[in-house]
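Here is what each chain is made of, one letter per residue.
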Amino acid sequence: MSLAKAVEETKWKGVHWLLFLSFSIGTTVEAYIYSLSYIATGWVIVPKVLVAVLAIWSPLWLLLGGMVAGPLSDSIGRRNTLFITLGLYAIGAIGLILAYNYILLLVSIGLLLFASGGEYNTILAATHELFPKKQRASALFLELNFTNIGGSIAAILALLAISSIFDQRAVLGVTLLLSILVMFIIRLRVPESVMWLESRGKGGHGAKELEKFYSAKAQEDDLSKPSKVPSLWFRTLIGGALGWAYTAGFSLIVLTLGPYFFPSLTDWLIFIFGVVAFVAGFIGLVADRISRKAMLVISSISVLVVAYLFIPTLGLWLVNRLIFWILFIAVSVLINIFFLAEDTLKSEIWPTRRRGLYTALVRVISLGGSIPVLFLVVNLPIIDYMWVGMGIFSVGFVASVLWYIFGLETSKGRSVRIWD
């Protein structure tokens, strides 16, 4: 008899809406916070060397947060870890509002990013375990799609509060505190991962959670597992490469292009990307019906082609902003589809007992690998900067092809328990 099977086979219920709302607000806040260190470049006069520090500040602290929260969520549970990150959020948000110098500002943003990295990692792991298998990919795609709105909200609030630096900081901090309060209230009403409880030998607790929140009981387990699954090292390599291609490529095209070359456009780049990517992200409504392998290959090659178009048209879009925005919007749509597919894949292909750890591991590879890239490109001329972006997106395409050939299909209602 299996508690996990009962969770995967259940129909969509009210608890799923609460979980979806909680996790969607969580991913929104993650992107909101990720954008803060870039928006903060306008709060003080920043020497060029410090612009590079700010460029790596976000991935560095997200990385550290995931490193801690991944194994922690495997040890004490997904729900408990999410409450810890909420507490850290609150401390960081208050610090953000009260920060009166640049050191305190960086410390506050660092704490927020640390909590955000842990929150995001736990949401990735928990979603695969808490939703019906026929809707789990759609749920995660749509949850992750709210990361686009988070960056746009931060950017638009910064633009509206442009009259003073204090107003910007206060508005961004208070908005964050209100979001934390809403998440806290919702999370009091959602379960621990029954799948995680069962994997940890806590079946009694799991059965109570299953009955209370899903109105279900354990079912006879008839899971058919594949005769062979890709090795752990191969999954780690592919997950890390896909994540690195997205993180480093996205940072170059959306986040650091502004501070490096178009300082007056930084907030607008973040805002426009968020809006168009969010609209494109509704492909998540059919995510469980589309091959994950095919989506990764098609989206990665499409990103590569459109990113290349920035290079031969460089002389045009440097003087004609309309051409720039057309290319930017096109690549934003494609980058987001690639992001949704790769983030879903790299969190679903692990055993339940260690899903938090291995999800954190591949995110450490992707986030950590992006840090030297962002440091090295700071002094490059713009044409070389774009070629670096091409190289990064090429890695994502190669990893997608390798998974298409040697990986397993994880979409179309397939159980995540095949990896246990």
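Above this note sits the structure.
Since the model is a prediction, treat every value here as computed from it, not as a measurement.

The rules behind the values
- Here the residue numbers are simple positions, counted from 1 along each chain's written sequence.
- Local features in a predicted model are, by the rule used here, given only for residues with pLDDT of at least 70; side-chain atom pairs are given and counted only at 80 or more, and totals for whole chains, interfaces and linings are based on all residues.
- The side-chain quantities take in all heavy atoms of the structure and omit both hydrogens and water.
- Think of a nonpolar core as a cluster: buried Ala, Val, Leu, Ile, Met, Phe, Trp, Tyr and Cys residues, connected wherever their side-chain atoms sit within 4.5 Å.
- Think of it in three bands: with a 1.4 Å probe and only protein chains considered, a residue is buried below 20% of the maximum accessible area for its type, exposed above 50%, and partly exposed in between.
- Helix and strand definitions follow DSSP, with helices as H or I runs of at least four residues and strands as E runs of at least two, each counted in order from the N terminus.
- Whenever a nitrogen or oxygen atom comes within 3.5 Å of another N or O atom, the pair is scored as a polar contact, on the condition that within protein one atom can donate a hydrogen and the other can accept it, and that pairs from neighbouring residues in sequence are kept only if both atoms are in side chains.
- By definition, residues are in contact when any of their heavy atoms lie within 4.5 Å.
- Both site types are read off a 1 Å grid over the protein atoms alone. A 1.4 Å probe that fits but cannot get out defines a cavity, while an open set with protein on both sides within 12 Å along at least five of seven lines defines a pocket; lining residues have an atom within 4 Å of a point.
- Grid points are joined across faces, edges and corners, and a volume is the space filled by probe spheres set on the points.
- Gly is placed with the polar residues, together with every amino acid not listed as nonpolar (Ala, Val, Leu, Ile, Met, Phe, Trp, Tyr, Cys and Pro) or charged (Asp, Glu, Lys and Arg).
- Stacked, tilted and edge-to-face are the three classes assigned to paired rings of Phe, Tyr and Trp, where Trp is represented by its six-membered ring and a pair needs centres within 6.5 Å; plane angles under 30 degrees give stacked, over 60 edge-to-face, the rest tilted.

The subject of this paragraph is the nonpolar core. By size, the foremost hydrophobic cluster in this structure holds 86 residues, and its most contacted members are Ile 33, Tyr 89, Leu 176, Trp 317 and Trp 403. Here this core gets 12 residues from one element, more than from any other, and that element is helix H15 (residues 321-348). The next biggest cluster of nonpolar side chains, apart from the first, holds 20 residues, and it includes Val 7, Phe 23, Leu 82 and Tyr 214.

In this section: the side chain of Thr 85. Relative to the helices and strands, Thr 85 resides in helix H4 (residues 78-98). Within the structure, Thr 85 has its side chain in polar contact with the backbone oxygen of Leu 82 (distance 2.9 Å). Sequence-distant contacts of Thr 85, defined by excluding residues within four places in its chain, comprise Ala 115, Gly 118 and Glu 119.

What follows covers empty space enclosed by the protein. Throughout the structure, instances matching the rule amount to 2 cavities of 30 Å³ or more. Taken as a whole, the largest cavity holds about 350 Å³ of empty space. Glu 30, Tyr 34, Tyr 246, Phe 250 and Phe 339 are the residues nearest the centre of the largest cavity, which is lined by 25 residues in total. Mapped by element, the contributors of at least two residues to the lining of the largest cavity are helix H2 (14-39), helix H6 (136-160), helix H10 (232-255), helix H12 (266-280), H15 and helix H16 (355-376). Looking at which element gives the most residues to the lining of the largest cavity, the answer is H10, with 6 residues. A per-class count over the lining of the largest cavity returns 12 nonpolar, 8 polar and 5 charged. The computed volume of the second largest cavity comes to approximately 70 Å³.

Attention now moves to the packing of aromatic side chains. With the rule as written, the count across this model stands at 21 aromatic pairs. With a centroid separation of 5.1 Å and an interplanar angle of 80 degrees, the aromatic rings of Phe 278 and Phe 282 are classed as edge-to-face. Judged by relative accessible area, Phe 278 falls into the buried class, the value being 16%. Relative to Tyr 358, the ring of Trp 350 lies with its centre 5.2 Å away and its plane at 25 degrees, an arrangement referred to as stacked. For the residue pair Trp 350 and Tyr 358, the accessibility class agrees, reading buried in each case.

Relative to the elements of secondary structure, Asn 336 occurs in helix H15. In this structure, Asn 336 is in contact with Asn 145, Asn 148, Ala 277, Ala 280 and Gly 281, ignoring residues within four places of it in sequence.

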